[in-house]
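Architecture at a glance
Here's the letter readout for the chains.
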Amino acid sequence: MESFEIVITLPPKELSPNARPHWAAKSRAAKSHRLEARVMTTTALLDVALGVDWSVATVRPVFFHKTAHKRDKDNLSASLKAARDGIADAMSACGMIADDNGFIPLPPTSGVDKTGPRVEIVVTARPDLVDVVE
């Protein structure tokens with residue numbers, strides 16, 4: 001299996017499913033986070049081997065927050081929608097996938113890093129799971 005990892009900032013609070021921001025603020029936050037994920041993915045793809053089937057891939061996020069507060073995993077996963085779209089944009093631009101239909105989002109895990117809050121996302125090609133997606 002082939003994989004790559006990107007590191008992006010934590011999603012803005014406007015992207016939380018429990019937030020009720022103005023639509024324009026949410027749109028700006030989503031656009032910014034999507035672009036960041038696309039740029040980081042484009043950079044990471046420079047090291048990916050050619051000829052790998054990316055039509056089905058798992059997307060595993062690891063969140064690192066400043067504190068060890070308990071966070072809802074469903075909300076963490078939902079707040080990464082724009083980032084997953086950015087990853088799909090970059091992979092689509094490189095001709096690796098047509099869309100994100102084959103992405104299988106795995107449940108997020110959390111850690112603590114007081115000095116560098118971030119999200120590390122590992123995307124792994126999983127052609128063995130083609131039957132699961134279709």
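In this text the structure is predicted, and so the values were computed from the model without any measurement.

Looking now at the overall build of the chain. Each helix and strand counted, the chain has four helices and five strands in total. Scanning the chain from its N terminus toward the C terminus, one meets helices and strands in the order β-α-β-α-α-β-β-β-α. The C-alpha radius of gyration of the chain comes to 15 Å, within 12% of the 14 Å expected for a compact globule of 134 residues. Along the first, second and third principal axes, the C-alpha set of the chain runs to 40 × 30 × 30 Å. The buried share of the chain, reckoned over its 134 residues, is 37%. Across the chain, the fraction of contacts at a sequence separation of at least 24, relative to all contacts at a separation of at least 6, is 85%.

Structurally, threonine 41 is set in helix 1 (residues 23–44). According to the relative accessible area criterion, threonine 41 is buried, its value standing at 0%. Leaving out residues up to four positions away in the same chain, threonine 41 has contacts with Phe4, Ile6, Ile87, Ala90 and Met91.

Right, let's talk about the pattern of salt bridges for a bit. Summed over the entire model, instances satisfying the criterion amount to five salt bridges. In this structure, the salt-bridge partner of aspartate 85 is lysine 81, at a minimum N-O distance of 2.8 Å. Of the two residues, aspartate 85 and lysine 81 both sit in helix 3 (residues 81–93), four residues apart, roughly one turn of that helix. Looking at aspartate 85, the relative accessible area reads 13%, which means it is buried.

Spanning 13 residues, helix 3 covers 18 Å between terminal C-alpha atoms, matching the ideal 18 Å at 1.5 Å per step. Residues of helix 3 that are buried include every one of Ala82, Ala83, Arg84, Asp85, Gly86, Ile87, Ala88, Ala90 and Met91, and no others. The elements touched by buried residues of helix 3 are strand 1 (3–8), helix 1, strand 2 (57–65), helix 2 (73–78), strand 3 (103–105) and strand 5 (118–125). In the stretch just after helix 3, glycine 95 is the one whose phi turns positive, near 80 degrees.

Here we come to the environment of arginine 126. Residue position: arginine 126 is located in the loop between strand 5 and helix 4 (130–133). Spatially, the C-alpha atom of arginine 126 lies 9.4 Å from that of isoleucine 104, the residues being 22 residues apart in sequence.

Right, let's talk about helix 1 for a bit. Taking 1.5 Å per residue, 22 residues should reach 32 Å; helix 1 reaches 31 Å between its end C-alpha atoms and fits that length. Looking at helix 1, one finds that the buried residues are Ala24, Ala29, His33, Ala37, Thr41 and Ala44. In this structure, the buried residues of helix 1 make contact with strand 1 and helix 3.

The rules behind each value
Residues numbered from 1 in each chain as written. Predicted model: local features only at pLDDT ≥ 70, side-chain atom pairs only at ≥ 80, totals over all residues. Heavy atoms only, no water. Helix = DSSP H or I, 4+ residues; strand = E, 2+ residues; numbered from the N terminus. Rg over C-alpha atoms; globule rule 2.2 N^0.38 Å. Buried < 20%, exposed > 50% of the residue type's maximum accessible area, 1.4 Å probe, protein only. Contact = heavy atoms within 4.5 Å. Salt bridge = Lys/Arg side-chain N within 4 Å of Asp/Glu carboxyl O. Expected span 1.5 Å × (residues − 1).

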